[in-house]
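# Observations on the model geometry
Each chain is listed here by its residues.
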Amino acid sequence: MQLAKQSFQVKGLDYSIRSAETRDATQLAKVRLQIDGETENMDRERGEAYLDQAAFERLIAEDAKSVRNLFLVAEVNGHIAGFSRCEGNALNRMKHQVEFGVGVLQQFWGYGIGRKLLETSLHWADDNGFKKVNLKVLDSNKKAIELYRQCGFEVEGVLKMDKYLADGNYHDTVVMGRIR
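First, a word on scope: everything that follows refers to the structure included in this document.

Calculation rules
Residues numbered from 1 in each chain as written. Predicted model: local features only at pLDDT ≥ 70, side-chain atom pairs only at ≥ 80, totals over all residues. Heavy atoms only, no water. Helix = DSSP H or I, 4+ residues; strand = E, 2+ residues; numbered from the N terminus. Buried < 20%, exposed > 50% of the residue type's maximum accessible area, 1.4 Å probe, protein only. Contact = heavy atoms within 4.5 Å. Polar contact = N/O pair within 3.5 Å; in protein donor to acceptor, adjacent residues only side chain to side chain. Salt bridge = Lys/Arg side-chain N within 4 Å of Asp/Glu carboxyl O. Expected span 1.5 Å × (residues − 1). Arc of directions from axis to C-beta. Axes fitted to C-alpha atoms, helices over the stretch in contact; angles between N-to-C directions. Parallel < 35°, antiparallel > 145°, perpendicular 65-115°, else oblique. Left-handed = near helix turned anticlockwise from the far one by under 90°. Nonpolar A, V, L, I, M, F, W, Y, C, P; charged D, E, K, R; others polar.

Time to look at the overall build of the protein. The secondary structure content of the protein amounts to 4 helices and 8 strands. Along the three orthogonal principal directions, the C-alpha set of the protein runs to about 40 × 35 × 35 Å. Burial status across the protein gives 44% buried among its 180 residues. Long-range pairs, those at least 24 residues apart, make up 58% of the contacts in the protein with a sequence separation of at least 6.

Written as structure tokens, this is what we have:
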């Protein structure tokens, strides 16, 4: 699914949110790898489950054709600063919902990019008749949990000892959902 470009200015930073295009594949491979190395809030460590340019090209092309998927990028001065993706399900019993995921380069935290990616995704989900948006977030990512609550998500459960992080401890994952 494709969406029109939207522009924003927050704290002096100009950026736009738009649908991912195949020309973004090279940058997306690098950005995803960098984000995975900058924070432990992601599921992967740097280099794990690596997606190269060709893999991103396929994913973007498939998502552009699908009415159940949405792949967005946040762009600052022609460079990708973050991305989000909603992935739906073709199974009849689950086609009313999508799974949301997001990543923003650390240098762009605090400018509302993650919020705008989320809000754009929620508008798309509502406009396309999805009844539920799901996500998972590390329990220690308090800012993200608060943002999700502000956007109508509720905690649906906790996956105990779900992630083993560099601090040598196991951490819980919070499962959240927003029902329209």
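Moving on from the model shown.
Attention now moves to the side chain of asparagine 134. Mapped onto the secondary structure, asparagine 134 falls in strand E6 (residues 132-138). Assessed through its relative accessible area of 12%, asparagine 134 is described here as buried. A polar contact of 2.5 Å, which involves the side chain of asparagine 134, links it to the side chain of glutamine 97. What asparagine 134 contacts, discounting residues up to four positions off in sequence, is Gln97, Val98, Glu99, Phe100, Glu156, Met176 and Gly177.

Turning next to the pattern of salt bridges. Here the structure, examined in full by the defined rule, presents 12 salt bridges. Across the salt bridge formed by aspartate 63 and arginine 85, the nearest N and O atoms sit 2.6 Å from each other. Of this pair, aspartate 63 sits in helix H2 (residues 53-65) while arginine 85 sits in strand E4 (residues 79-88), and the two are 22 residues apart along the sequence. Of the two residues, aspartate 63 and arginine 85, both sit in the buried class. Note that arginine 178 is salt-bridged to aspartate 126, the shortest N-O span being 2.8 Å.

Below, the discussion takes up H2. Taking 1.5 Å per residue, 13 residues should reach 18 Å; H2 reaches 19 Å between its end C-alpha atoms and fits that length. Along H2, the residues classified as buried are Ala55, Phe56, Leu59, Ile60 and Asp63. Projected down its long axis, H2 shows its buried positions confined to an angular sector of 130 degrees, all on one face. Where H2 is buried, its residues meet helix H1 (25-38), strand E3 (69-76) and E4. Between a side-chain oxygen at the N-terminus of H2 and the backbone nitrogen of alanine 54 the separation is 3.3 Å; the capping residue is aspartate 52.

The subject of this paragraph is the packing of H1 against H2. One can describe the packing of H1 onto H2 by two numbers: an axis separation of 8 Å at closest approach and a directional angle of 110 degrees. Classed by the angle they form, the pair H1 and H2 counts as roughly perpendicular. In this structure, the crossing between H1 and H2 has a hand that is right-handed. From H1, Ala25, Thr26, Leu28, Ala29 and Arg32 reach across to H2, where they touch Gln53, Phe56, Glu57 and Ile60. Looking at the contact of H1 with H2 residue by residue, the class counts come to 5 nonpolar, 2 polar and 2 charged.

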